[in-house]
Each structure stands twice: as C-alpha cells, then as structure tokens.
Amino acid sequence: MYLKVKVPATTANLGPGFDVLGAALSLYNEFEVEYVPNAQKTNFILKGEGKKTLPKNNKNLVWQSMCETFKILNETRYNLKNLNITINASIPLNRGLGSSAATIVGGIILANALSKNKLNTSQIANLAIKIEGHPDNVIPAIYGGVCICCKDKYKDHETVVQLPIPKLKVVLCVPTFEVKTKQSRQILPKYVNLGDAIFNISRVTLLTAAFYRADYSLLSHAMQDKIHQPYRGKMIPVMNEVLNAAIVAGAYGAYLSGSGPTLAALCDKKNIKKVSKAMTKRWEKENISTRTYIADFNRNGVLKI
Ligand code: HSE
C-alpha cells in the first residue's frame, strides 16, 4: 500500500488573533508512506527543508503523530520496520510558518488512511490540536482558507468557521535565524491586562469585518496586536520597523507570522516587489539576511494525492 499527502504551510494569529486565527498558504510539505509487510528495516527519506537535521527514527514528528493515531485506533499492524516514510519539505523550519503543524497533520492523515480512515475530520482536528498544543496552525492546515478556531468547553470538538479568502498576496519575509514556538510561548505573560484585551478584541472584530467586506483598507489598523507581538519583538530585531516598512511600501496590513520570526504582509499583486524589498532592506540594515516567499492563500487544506 502506498499513500501520499500534501499539507499547506500556515500563518497563525494574523496579528491580534492569538491562538484563534490562522490561514493556509500555497507552500507545501509532502509526506509519503509505503507499507512493506515483511521488510526488516525502515527507509526514512528526507528531502528539502530539514533533510540534514530532522531525525530519521522514532523521534521524527511524522512518525510520532502516526503512532498517536494508531494508538487511538488500536492499530498494531504498523511499525518503523514495515513502513517506508518520505518527507519532501518546502516549509522552512522554526520560522512561524506551521512546519510542525503540517508534519502532525501529514502523520495523522497517513496513519488514518493506513487504518481505513476510521477517524473523521473533526477527530483528526482534535488529535492534531492535542499534539500541537494550539489550534491555529493545524486547523487551517486541515481545512484550508482563513479559519477562526473556537473551543467550547461543552463540546468535544473545535468550532471552525472559514472567513472569505482575501484577494491578496502574502509576502513572507523569512530571516535566517530560528525561533522555537515553545520558547516563544514561554516568554508571554500569564495574564493579560484589561486595556490590552480590549485593544485586541477590537482589532480581531475589525479584521473579521474587513475580510467579510473585502475592505482591506481596515487591515493596517486591524492587524495590530498587544498580547503577543510586543513580547516576541524582543527576540526579533527591528520587528516593528520592518512591519512599518511594509505598510509604508503599500501593504494593507503586516504582522508577526505565528510565533515568528517570519514577518508577513498582505498586499495587492502590483505592490509585491515594493513591499518585499522594503522589508528585506530594513532587516539588511541590521545585517539580518532573509529569504522572501510570495504566497497565495490556500483554499483546500490537506490533500491526499
Ligand atoms: N498561536 C501560536 C502562537 C502559533 O502564537 O504561539 C504558533 O505558530
């Protein structure tokens, strides 16, 4: 049996929507698995991002996510000897673009498919959130589009609502240094001050309206944040200056992608060059080199191919 899935990168928070808003992007990791019943040795093949650094053993996150899935399904047929696993990754690692979420979703979908697809989408989403720890990367990776993730303590599943997809390009300015999400969450304060909470609630509401009305002129205001970016900015040199450079160059809105360090800007196609150049230039002034990706929003989420 041979299976292959393609999972999109994701950009979480979109500024003020910490752990609530996330969007899927047109940048992908592919995961393949082949079941070889009597094989005695796993073939773990890594290509692209992380090919030299990711583990090729039971510590690999795709395998660990498959194991969690097998556990729920009481599936005992599969092990690291009788499966060949290939990862072909284009999503940069530890840059706030959902590479671990893509890996978790890829692993769960493959393991579920090996086990006759017994889990439905909402069960897949629950398991992915449990492994990742927050919903706003795995949910858009599964469903596609721009997602609102909302956990109701009286329901056993995440409520997911998709916003209209903006007709905008996403400029991703990815610096060479990495930020680990775990560390980037630890520096956040445990409590949010009421004024900051009101600031963020107003922006998230405005952002939702901006997407529904396709009124992108609201975005520079609507993508502001006070509950995570100011703290994370201490680990990301001139973050606010780079975001500001994007707006001055014609972006509608700009924000820290997920837990960073990637900075993202939404703009019209005609302004891509100006915006990406302005962001890159500002970082270069600090001797920080970057890679730029221009993405579209992805509509469909994970695909079996
Ligand atoms: N909401 C998560 C965070 C996204 O900001 O920590 C991580 O990519």
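Residues numbered from 1 in each chain as written. Predicted model: local features only at pLDDT ≥ 70, side-chain atom pairs only at ≥ 80, totals over all residues. Heavy atoms only, no water.

Colleague: How would you summarise the site of the ligand if you had to cite specific residues and measurements?
Modeller: Close contacts around the ligand come from Ala12, Asn13, Phe18, Asp19, His134, Asp136, Asn137, Thr181, Arg185, Arg232, Gly258 and Ser259, and that covers them all. Measuring from a nitrogen atom of the ligand, one finds a side-chain N or O atom of Asp19 at 2.5 Å. Alone, the ligand offers 260 Å² of accessible surface; in the complex the protein occludes 98% of this. Looking at the shell around the ligand, its residues break down into two nonpolar, six polar and four charged. Both of domain 1 (2-164 + 299-304) and domain 2 (169-295) provide at least three residues apiece to the shell around the ligand. (Near = heavy atom within 4 Å. Polar contact = N/O pair within 3.5 Å; in protein donor to acceptor, adjacent residues only side chain to side chain. Areas by Shrake-Rupley, 256 points an atom, 1.4 Å probe, with all protein chains shown as cover. Nonpolar A, V, L, I, M, F, W, Y, C, P; charged D, E, K, R; others polar. Domains from an automatic or database assignment.)

Colleague: Quick rundown of the domain arrangement of the protein? Include the residues and the values.
Modeller: What the domain assignment lists for the protein is domain 1 (2-164 + 299-304) and domain 2 (169-295). Using C-alpha coordinates to define each centre, domain 1 is positioned 25 Å away from domain 2. Taken together, the contact pairs 26 residues of domain 1 with 38 residues of domain 2. At the boundary of domain 1 with domain 2, total buried surface from both sides reaches about 2400 Å², with 61% on carbon and sulfur atoms. It is Pro16, Asn94 and Arg95 that lose the most area in domain 1 upon contact with domain 2, and together they represent 28% of the buried surface on that side. One can count three salt bridges joining domain 1 with domain 2. In this structure, Glu49 and Arg291 form a salt bridge, with 3.0 Å as the shortest nitrogen-oxygen distance. Across the contact surface, domain 1 and domain 2 share 16 residue pairs in polar contact (both at pLDDT 80 or more). Mapped onto the side of domain 1 that touches domain 2, the elements with two or more residues apiece are β1 (2-12), β2 (21-35) and β6 (158-163). The dominant element in the side of domain 1 that touches domain 2, judged by the number of residues it contributes, is β2, at four residues. In the side of domain 1 that touches domain 2, the residues fall into 13 nonpolar, 10 polar and three charged. (Contact = heavy atoms within 4.5 Å. Buried area = accessible area lost by both parts, 1.4 Å probe. Salt bridge = Lys/Arg side-chain N within 4 Å of Asp/Glu carboxyl O. Helix = DSSP H or I, 4+ residues; strand = E, 2+ residues; numbered from the N terminus.)

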